[in-house]
Amino acid sequence: VRHTVEDNTLTLVQRSAAVELTSVFTGYDDTNAVRAVQTYTNISGEKLCLTAANTLSVRFGTDAAKEQREWYFHKFTNARYNEAMPDVRSLFDMGLYGRYAVLHTENVGNASSYENLPQGIVENRRTGQFLMFQIESYYDWFYEITIGGNGLFNLQLGGPTALRHAWNKVLVPGESYTAVPAAVAAGNSLNDVLANMTRYRRHLLPVCEADEHLPAIFNEYMHYSWDNPFASVTAETAPVVAKSGCEYYIIDCGWQANVIPKGA
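Predicted model only: the values in this text are computed from it and were never measured.

Reading guide: rules and limits
- Residues numbered from 1 in each chain as written.
- Predicted model: local features only at pLDDT ≥ 70, side-chain atom pairs only at ≥ 80, totals over all residues.
- Heavy atoms only, no water.
- Phe/Tyr/Trp six-rings, centres within 6.5 Å; stacked < 30°, edge-to-face > 60°.
- Helix = DSSP H or I, 4+ residues; strand = E, 2+ residues; numbered from the N terminus.
- Buried < 20%, exposed > 50% of the residue type's maximum accessible area, 1.4 Å probe, protein only.
- Lys NZ or Arg CZ within 6 Å of the ring centre and 35° of its normal.
- Core = buried A, V, L, I, M, F, W, Y, C linked by side-chain atoms within 4.5 Å.
- Contact = heavy atoms within 4.5 Å.
- Pairing = 2+ DSSP bridges.
- Axes fitted to C-alpha atoms, helices over the stretch in contact; angles between N-to-C directions.

With respect to the packing of aromatic side chains
Argument step 1. Evaluated as defined, the whole model comprises 11 aromatic pairs.
Argument step 2. Seen from their ring centres, phenylalanine 73 and phenylalanine 133 are 6.3 Å apart, and the 10 degrees between their planes marks the pair as stacked. Taken together, the residues phenylalanine 73 in strand β7 (residues 71-77) and phenylalanine 133 in strand β11 (residues 129-135) connect sequence positions 60 residues apart. The same class applies to phenylalanine 73 and to phenylalanine 133, which are both buried.
Argument step 3. When the ring of phenylalanine 218 is compared with that of tyrosine 249, the centres are 5.4 Å apart and the planes differ by 40 degrees; the resulting orientation is tilted. With a gap of 31 residues between them, phenylalanine 218 in strand β17 (residues 217-219) and tyrosine 249 in strand β18 (residues 248-250) connect regions that are remote in the sequence.
Argument step 4. A relative accessible area of 23% places phenylalanine 218 in the partly exposed class.
Argument step 5. Sitting over the face of the ring of phenylalanine 142, arginine 164 holds its NZ or CZ atom 4.2 Å from the ring centroid.

As for the nonpolar core
Argument step 1. Residues Phe60, Phe73, Leu91, Leu96, Ile145, Phe153 and Leu157 are the most contacted members of the largest nonpolar core, which totals 26 residues.
Argument step 2. Of all the secondary-structure elements, those providing two or more residues to this core are β6 (52-60), β7, β11, β12 (141-147), β13 (153-161) and β16 (182-187).
Argument step 3. Here this core gets four residues from one element, more than from any other, and that element is β12.
Argument step 4. Ignoring anything within four residues of it in the chain, the contact list for phenylalanine 73 reads Asp87, Val88, Arg89, Leu91, Met94, Leu103, Gly120, Ile121, Val122, Phe133, Tyr143 and Ile145.
Argument step 5. Judged by nonpolar contacts, the second largest core, of 12 residues, contains Ala33, Leu117, Ala183 and Val193.

A short note on the pairing of strand β9 (residues 102-107)
Argument step 1. On β9, burial follows the alternation: Leu103, Thr105 and Asn107 on one face are buried, whereas Val102, His104 and Glu106 on the facing-out side are not.
Argument step 2. Here six bridges tie β9 to β12, and the two strands are oriented antiparallel to one another. Bridging across to β12, asparagine 107 finds its partner in tryptophan 141.

Details of the environment of leucine 48
Argument step 1. In this fold, leucine 48 is placed in strand β5 (residues 48-50).
Argument step 2. Note on leucine 48: relative accessible area 22%, which makes it partly exposed.
Argument step 3. Here the alpha-carbon distance between leucine 48 and threonine 161, two residues 113 residues apart in the chain, equals 15 Å.
Argument step 4. Excluding residues within four positions of it along the chain, leucine 48 makes contact with Ala18, Val19, Asn42, Lys169, Val170 and Leu171.

Structural notes on the sheet that holds β6
Argument step 1. The strand order across the open sheet built from four strands is β6-β13-β12-β9, with neighbouring strands paired in antiparallel fashion. Looking at the sheet topology across the chains shown, the edges are occupied by β6 and β9. Within this sheet the neighbouring strands show an average axis-to-axis angle of 15 degrees, counted without direction.

Below you can see the structure in the form of C-alpha cells.
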C-alpha cells in the first residue's frame, strides 16, 4: 500500500481484503543489526482469528542442497550448571537435509529461556559469514530453519502459534495485534556478529541514574560453590574476591545441596 523512510526506520504497509500488516524495520548508527516489528489489523467487517503471527523470515545461502555441510548453527541451551551453552553443528548433522527437513526450536510458557534461548547464530565456514538472531519474547516463541522451494535456507522467527502453543487471538473489526519483536545482525567473524548484537541490545536498555556508577559484584552460585555456599568456603574466598576489586560478595539465594562436604 505504501512505505515511508524516516531516519533509520523503514515502515511498510501491506493489505489484503481482511488484514492490514504494518512492518517496521529499525536500524541503529553503531551496528548493522535490524529490529523488526509486525502489527496485524483487522480491516474486515467481522471477527478474525489469528492462529499465527510471524515476525521475520530471512533467507540465506545460495544452494541449500549443496551447502548443508558448509553452514553451521549455534544453538544456545540451558541446564542447571550450563547456562547459555552453544551446541555448534552443521545443518546437515542437525538433520537439515532433504526437501521437507525442519530444524525447529520452541518455548512454551513464561520462562522464556528455560531450556533453549530465543537466539541463535548461523555460520558459513567456507565464506566466514555469520548471521545472529534474537526473539524478544518473555513467553512463547519459536524459530525454525527449513529448505525452501527456492533452493535457499529459510529462517523463520515468531511468537506463539496455534500449532505449537495452543494459541489464538480473536480480533474484532478495527483491532490490532503486534507480534513479538525480533532482530538480526551480521558479521565476518563470531566476535564481529556478537559485537553487533551487543551494541544493538544496549540501545534497548532503559537508562537510569543508578546505572551510572554500578559496583563490581562477585556471585558465587554457579560454577563455584555448586549449590554449597558454606561458611568455610565463603571465609576462604571472600578476601581473594575483595583483592580483585569487587565491592559485593553475593551468596546466591542460599540454595543448598543435600550433600555436605567433609569439614564444612
